[in-house]
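In case you want the letters, here they are:
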Amino acid sequence: MLSTTAQHALRAMAALASSPDEALLGREISELAEIPPNYLSKILLDLNRAGLVTAVRGTGGGYRLQRPADEITLIEIIDIFDQMRARPSCMLWGTERICSDETACTAHAEWKSVRDTYLTFFRDTTLDDLALDQPAPKRATRKSAKKPAKRTR
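Residues numbered from 1 in each chain as written. Predicted model: local features only at pLDDT ≥ 70, side-chain atom pairs only at ≥ 80, totals over all residues. Heavy atoms only, no water.

(A) Region of interest: helix α5 (residues 108-124). Between the first and last C-alpha of α5 there are 23 Å, a value that for 17 residues agrees with the 24 Å anticipated at 1.5 Å per step. Those residues of α5 that sit buried are H108, R115, Y118, L119 and F122. Around the axis of α5, the buried residues are gathered within 100° of arc, so they sit on the same side. Pointing more than 90 degrees away from the buried face of α5 are the exposed residues A109, E110, T117 and D124. (Helix = DSSP H or I, 4+ residues; strand = E, 2+ residues; numbered from the N terminus. Expected span 1.5 Å × (residues − 1). Buried < 20%, exposed > 50% of the residue type's maximum accessible area, 1.4 Å probe, protein only. Arc of directions from axis to C-beta.)

(B) Region of the structure containing the pairing of strand β2 (residues 62-65). Of the pairings in the sheet, the one linking strand β1 (residues 53-56) to β2 comprises four bridges and is antiparallel in character. From the neighbouring strand, A55 faces β2, where its bridge partner is Y63. The loop that links β1 with its antiparallel partner β2 comprises five residues; one of these, G58, has a positive phi angle of about 85°. (Pairing = 2+ DSSP bridges.)

(C) Molecular detail of the pattern of salt bridges. In the structure shown here, the tally under the stated rule is four salt bridges. Residue E76 pairs with R67 through a salt bridge whose shortest N-O separation is 2.8 Å. Overall, the relative accessible area of 27% leaves E76 in the partly exposed class. The partner of D101 in a salt bridge is K112, and the shortest N-O contact between them spans 3.1 Å. Taken together, the positions of D101 in the loop between α4 (74-86) and α5 and K112 in helix α5 put the pair 11 residues apart, joining distant regions of the chain. (Salt bridge = Lys/Arg side-chain N within 4 Å of Asp/Glu carboxyl O.)

(D) Region of the structure containing the environment of L47. In this fold, L47 is placed in helix α3 (residues 37-49). Taking the C-alpha atoms as reference points, L47 and I80, separated by 33 residues in sequence, lie 7.7 Å from one another. Ignoring any residue separated from it by four or fewer positions in sequence, one finds L47 in contact with M13, L52, V53, I77, I80 and F81. (Contact = heavy atoms within 4.5 Å.)

(E) Just a nonpolar patch on the surface, in detail. Among the surface-exposed residues, M91, L92 and W93 lie close enough to one another that they form a single nonpolar patch of about 310 Å² accessible area. Looking at the secondary structure, you find L92 in the loop between α4 and α5. (Patch = residues over 30% accessible without salt bridge, like charges linked within 9 Å, V, L, I, M, F, W, Y side chains within 5 Å. Areas by Shrake-Rupley, 256 points an atom, 1.4 Å probe, with all protein chains shown as cover.)

(F) Expanded view of a negative patch on the surface. On the surface, D70, E71, D128 and D129 cluster together into a patch of negative charge. Assignment of secondary structure puts D129 in helix α6 (residues 127-130). (Lys, Arg positive; Asp, Glu negative; His and termini not counted. Charge placed at Lys NZ, Arg CZ, Asp CG, Glu CD.)

What follows is the structure in structure tokens.
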């Protein structure tokens, strides 16, 4: 139902929600969410422009959520990439014709129920509900990183 881009964005945001206390590098998000790095960078740029993530520079830098995960709904994320899919119109006529209770198509009554449930899920479910169970990968620090042994002749 959702585009691949919207699905990737949801997984990337869930990865960020799983580590609220630290910024994640793009490659860490890519691994956690199983998204190709080049594809992810474009998604993160759009999420940043929308004000949902922020890029942190320097040591300990990476990406983090701009707001707590329990304040970000799925519809906010999906609307960036799939506004029409997130808010489906008439099942039989699409956007060609207005389908309402007054001008209903033959599928209107049943489709309205399905559509309303679908939209309610996106509006009521927060990113916190989707946060990944696994913690973010631990980064090697300079002190803990092993230095190569010196060669002697």
